[in-house]
Amino acid sequence: LLGIFLVTAANSASAQAPQVAISTGRDGGSYDEIGRRLQAKMRAEHGFPIAVQQSSGSIQNLARLADPSGPVALALTQADALAQFLQMNAEFAREYIVLGDAGKECVVLIGSKRSGIRSFAQLVATPGAAISVEDPGSGAAVTSRYLLGMNPGLGTPRIVHTEIMEALLQLKVGGAHTDLRAAMIVQRPSTKSEAVKVVLANPDDYLLVPIPGAELKSGSLPDESAVHTFERVRVGSEGTTGGIEVETVCTRSLLLASKRKLDRSLRSKLSGLMLTSGTEVFGKRD
């Protein structure tokens, strides 16, 4: 009897253990929060456990989703990261479906007031200039490569990977102490991230460098949706006032699901959940 009980308990535990994972982003970031809300909804509405795997960002998420031997069957990614991934893995276009659009994410390009740089064209034309992007595996790193590759005639500054608060300090110190001329993050415009809070609180030290769309070109995904849009957004404001308005480039956040790793029943459950509760899963969208 004890043996039967132990086997039954083991099988029950195995049945409840997450067999499907979603790859998100950094701990506490917007992608990680979306993943945890999806996890909670699937458990509450369908009793289905989903594991949350944190990551360095979009590129790692896509690699995990495309790995046939891994548990990641759901992933969050920027549209431009997906476009880059498809350039190197064209067959992957047939292996995923889009479960939802989490809204736009825009480049916030932070410069130093002391540097005299007031435009993106001026920034990339500055000899020896470096732009900081926090993580080489992040969507922001992909976006930086797109920005510098869209119009090579503008110039090719170096990309360095520096933690954002350290980068902001280097920009403030400036002078001969650093080659850093800007720090780039990608986020929902209204989000008051720690970096945006620093910029808003120190208007004599920092500015947002505009990126006019006329200087750049964009591409499209297999469904012909634009990889990038060029917009005037208000950064760091929950409403129509406050924050800082700036011209910049934006992309979309997408939730992808693997056709190969999810059976029809589970894909149907996830699709139904996104139809009824997608707004709650994604949270506020700009």
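These notes cover the structure that comes with them. Given the structure is predicted, the values throughout are model-derived calculations rather than measurements.

Conventions we followed
Numbering of residues begins from 1 in every chain and follows the order in which that chain's sequence is written. At least 70 in pLDDT is required for a residue's local features to be given in this predicted model, at least 80 for side-chain atom pairs to be given and counted, and no such filter applies to totals for whole chains, interfaces and linings, which use all residues. The side-chain numbers reported here are obtained from all heavy atoms of the structure, hydrogens and water having been left aside. By convention a nonpolar core is built from buried Ala, Val, Leu, Ile, Met, Phe, Trp, Tyr and Cys residues, the set being connected through side-chain atoms within 4.5 Å. Partly exposed describes any residue whose relative accessible area lies between the buried limit of under 20% and the exposed limit of over 50%, with all areas from a 1.4 Å probe on protein chains only and scaled to the type maximum. Contacts are assigned to residue pairs that have any heavy atoms within 4.5 Å of one another. Each helix is a run of DSSP H or I of at least 4 residues and each strand a run of E of at least 2, with the numbering of both proceeding from the N terminus. Arc definition: it is the arc formed by the directions from the helix axis to the C-beta atoms. Any pair of nitrogen or oxygen atoms within 3.5 Å is treated as a polar contact; in protein, a donor-acceptor pairing is required on top of that, and neighbouring residues in sequence qualify only through side-chain atoms on both sides. Salt-bridge detection follows one rule: a side-chain nitrogen of Lys or Arg within 4 Å of a carboxyl oxygen of Asp or Glu. Put simply, a disulfide is two cysteine sulfurs that come within 2.5 Å. Aromatic pairing here means that ring centres of Phe, Tyr or Trp (its six-membered ring) are within 6.5 Å. Orientation follows from the plane angle: under 30 degrees is stacked, over 60 is edge-to-face, and everything else is tilted. The convention is simple: Lys and Arg are positive, Asp and Glu are negative, and His and the chain ends are not counted. Every angle, taken between N-to-C directions, lies between 0 and 180 degrees, and every axis is a line fitted to C-alpha atoms, over only the stretch in contact when it is a helix. Working rule for angles: under 35 degrees goes down as roughly parallel, over 145 as roughly antiparallel, 65 to 115 as roughly perpendicular, anything else as oblique. Crossing chirality is assigned from the near helix's rotation relative to the far helix, an anticlockwise turn below a right angle marking it left-handed and a clockwise turn marking it right-handed. Three categories are distinguished: nonpolar for Ala, Val, Leu, Ile, Met, Phe, Trp, Tyr, Cys and Pro, charged for Asp, Glu, Lys and Arg, and polar for the others, with Gly belonging to the last.

So, on to the nonpolar core. Grouped together as the largest cluster of nonpolar side chains are 22 residues, with contacts concentrated most on Ile22, Leu38, Leu74, Leu255, Leu262, Leu270 and Met274. Setting aside residues up to four positions removed in sequence, Ile22 forms contacts with Gly35, Leu38, Ile50, Ala51, Val52, Gln53, Leu74, Ala75, Leu76 and Leu255. Counting 20 residues, the second largest nonpolar core, distinct from the first, contains Cys106, Val108, Ala167 and Ala183.

Further remarks concern helix 7 (residues 164–173). Looking only at helix 7, the buried set comprises Ile164, Ala167, Leu168 and Leu171. Along the long axis of helix 7, the arc covered by the buried residues comes to 100°, so they all point the same way. A distance of 3.0 Å separates the backbone nitrogen of Met165 from a side-chain oxygen at the start of helix 7, and that oxygen is part of Glu163. Downstream of helix 7 by a residue or two, Gly174 has a phi angle that is positive, lying close to 60°.

In this structure the tally under the stated criterion is 13 salt bridges. Note that Lys41 and Glu280 form a salt bridge whose closest N and O atoms lie 2.9 Å from each other. Of the two residues, Lys41 sits in helix 2 (residues 30–46) while Glu280 sits in helix 9 (residues 264–282), which places them 239 residues apart along the sequence. Its relative accessible area of 46% is what places Glu280 among the partly exposed residues. Here Glu95 ties to Arg260 by a salt bridge, and the two come within 3.1 Å at their closest N and O atoms. Highlighted residues: Glu95 in the loop between helix 4 (79–88) and strand 4 (96–112) and Arg260 in the loop between strand 10 (244–258) and helix 9, separated in sequence by 165 residues. Through salt bridges with shared partners, a single ionic network connects Arg26, Glu134 and Asp135.

Another point: the state of the cysteines. By definition, a disulfide links two cysteine residues through a covalent bond between their sulfur atoms. Enumeration over the complete set of coordinates arrives at 1 disulfide. The residue that forms a disulfide with Cys106 is Cys250, at a sulfur-sulfur distance of 2.0 Å. Because the sign of the S-S torsion sets the handedness, a value of about 100° for the bond joining Cys106 and Cys250 places this disulfide among the right-handed ones. Of this pair, Cys106 sits in strand 4 while Cys250 is found in strand 10, placing the two residues 144 residues apart along the sequence. Both residues of the pair, Cys106 and Cys250, count as buried.

Moving on to the packing of aromatic side chains. According to the stated counting rule, one finds 2 aromatic pairs in the structure shown. Centroid distance Phe85 to Phe92: 5.3 Å. Interplanar angle 80°. Geometry classified as edge-to-face. Of the two residues examined, Phe85 and Phe92, each falls in the buried class. Taken together, the ring pairs in this structure connect Phe85, Phe92 and Tyr96 into an aromatic cluster.

Buried residues dominate helix 4, accounting for 8 of its 10 residues. Of the positions making up helix 4, those classed as buried are Ala79, Asp80, Ala81, Leu82, Ala83, Gln84, Phe85 and Leu86.

Right, let's get into the side chain of Glu105. Residue placement: Glu105 occurs in strand 4. Here Glu105 sits buried without a salt bridge, and the closest side chain of opposite charge, Arg188, lies 5.1 Å off (N-O distance). A polar contact of 3.0 Å, which involves the side chain of Glu105, links it to the side chain of Ser253. Those residues in contact with Glu105 that sit more than four places away from it in its chain are Ser30, Tyr31, Gln78, Val186, Gln187, Arg188, Val249, Cys250, Thr251 and Ser253.

The next subject is the packing of helix 2 against helix 9. Across the interface, helix 2 lies against helix 9 with an axial gap of 10 Å and an inter-helix angle of 125°. Relative to helix 9, helix 2 is oriented oblique. Crossing of helix 2 against helix 9: the hand is right-handed. Within the contact between the two elements, helix 2 uses Ile34, Arg37, Leu38, Lys41, Met42, Glu45 and His46 and helix 9 uses Leu266, Lys269, Leu270, Leu273, Met274, Thr276, Ser277, Glu280, Val281 and Phe282. Taken together, the residues that form the contact of helix 2 with helix 9 break down as 9 nonpolar, 3 polar and 5 charged.

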